[in-house]
Amino acid sequence: MLTIGVDVGGTKIAAGVVSPDGKIVEQVRVSTPAHSPQAVADAIITGIAQLRSRHQVSAVGIGAAGFIDNSRTTIMFSPNLNWRNEPLAEIISAAVELPVLLENDANVAAWGEYQFGAAKEFSSAVTVTVGTGIGGGIIYRGELLRGSTGFGAEIGHMNMVPNGVPCGCGQKGCWEMYSSGSAMTRIGREFAAQDPARAGALLEMSGGSIEQISGFMVTQCAKRGDELSLEVYEEIGKWLGQGMADLAALLDPEVFVLAGGVSEAGNILLDPARRQFETRLTARDFRKVPPIVLAELSNDAGIIGAADLARRLPR
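Residues numbered from 1 in each chain as written. Predicted model: local features only at pLDDT ≥ 70, side-chain atom pairs only at ≥ 80, totals over all residues. Heavy atoms only, no water.

> Could you give me a rundown of the overall build of the protein chain, with the residues and numbers involved?
The secondary structure content of the protein chain amounts to nine helices and 13 strands. Taking 315 residues into account, the globule formula puts the C-alpha radius of gyration at 20 Å, and the protein chain, at 20 Å, falls close to it. Relative to all contacts within the protein chain whose residues are 6 or more apart in sequence, the contacts with residues 24 or more apart total 63%. If you sum the accessible surface of the protein chain, you get close to 13800 Å²; carbon and sulfur atoms cover 50% of it. (Helix = DSSP H or I, 4+ residues; strand = E, 2+ residues; numbered from the N terminus. Rg over C-alpha atoms; globule rule 2.2 N^0.38 Å. Contact = heavy atoms within 4.5 Å. Areas by Shrake-Rupley, 256 points an atom, 1.4 Å probe, with all protein chains shown as cover.)

> Outline the sheet that holds strand E13 (residues 292-294), listing residues and values.
An order of E11-E10-E9-E12-E13 is seen for the five strands of this open sheet, with the pairing classed as mixed. Looking at which strands have only one partner, the edges of the open sheet turn out to be strand E11 (143-144) and E13. One ladder, built from three bridges, connects strand E12 (residues 255-259) with E13; its direction is parallel. Bridging from a neighbouring strand, Val 257 pairs with Val 293 of E13. Contacts from helix H8 (residues 267-280) reach E12 and E13, with the element oriented near 160° to E13. (Pairing = 2+ DSSP bridges. Axes fitted to C-alpha atoms, helices over the stretch in contact; angles between N-to-C directions.)

> So, unusual backbone geometry: which residues are in play, and what are the values?
Positive phi is not limited to glycine here, since Asp 252 has a value of about 50°. Note on placement: Asp 252 falls in the loop between helix H7 (227-251) and E12. The phi angle at Ser 298 is positive, at roughly 55°, despite the residue not being glycine. Structurally, Ser 298 can be placed in the loop between E13 and helix H9 (301-311).

> Tell me what's going on with the nonpolar core, and back it up with residues and numbers.
Core analysis: the largest hydrophobic core is formed by 41 residues, its most contacted members being Val 128, Trp 175, Tyr 233, Leu 240, Met 244, Phe 256 and Phe 277. Where this core is concerned, the elements lending two or more residues are strand E9 (125-130), strand E10 (134-140), helix H4 (181-194), helix H5 (200-205), helix H6 (215-223), H7, E12 and H8. Per-element accounting of this core gives the leading share, nine residues, to H7. Leu 240 has contacts with Val 128, Val 130, Trp 175, Ser 179, Leu 258, Leu 269 and Ala 273, leaving out every residue within four places of it along the chain. Ranked by size, the runner-up nonpolar core spans 29 residues in total, among them Val 28, Ala 41, Ile 44 and Leu 88. (Core = buried A, V, L, I, M, F, W, Y, C linked by side-chain atoms within 4.5 Å. Buried < 20%, exposed > 50% of the residue type's maximum accessible area, 1.4 Å probe, protein only.)

Structure below.
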């Protein structure tokens, strides 16, 4: 039984036909028309129609950034795509005449990794998506943990530093402000301003402007062994490990899966994160230390996870 998974991002919408064993049969991508919710819905409908013209499918799953209600039909709030109480699943279902499930994008990626990727050998897992911010998905004893209202697993907004760096959510000191792509940009600029003499590689890439230093530049320089850029990764890695240690104290998962663009730096990020995690892990000497592994499905996790969740919709 084939289903369609749709991953709605701030810049692109990716939709794919997925088989029951988690293989993408065909995939299409379009730019996200972020100027209006209706335009986004129309783009999703167009992508689904393209795939349905060539494949017989039974349901559609959609992963989107934002707070999804417990009925999995309505986006209550999404800061990047201007959705407010948007009954997206109902709109799409009426247009394509198929059952539609709506879920948070980090949740569907976590489900994809749990079913077919890095966490498939475990019953409890936490996926930490490290991109521009931090997203999360929690699997507990084979179930996707969503919370009482559907707003659970917003782990990037755990408070790490009281009255710390302001976050886009309106609070201060959130985890994602210290360990994410945006944090890398901010810390890279701060380190360069504090010690310009050691920031030569970054300043060369940025045209000599500290304000033009980006997280991408920090990553490129770190991969080449630049000392200052590696120190930036050491800093965000420590915060990443600290947050996972806090989550381990609360959830006690069998494994942590790191996903997202920042995680693609591999051991440059993993090594400091693991050191801090093991240092800060509660009762470390009396427990099995959960492994921290990289995601296996890359950018396809959202499509695969959304499609698999749609396959489980009651008929």
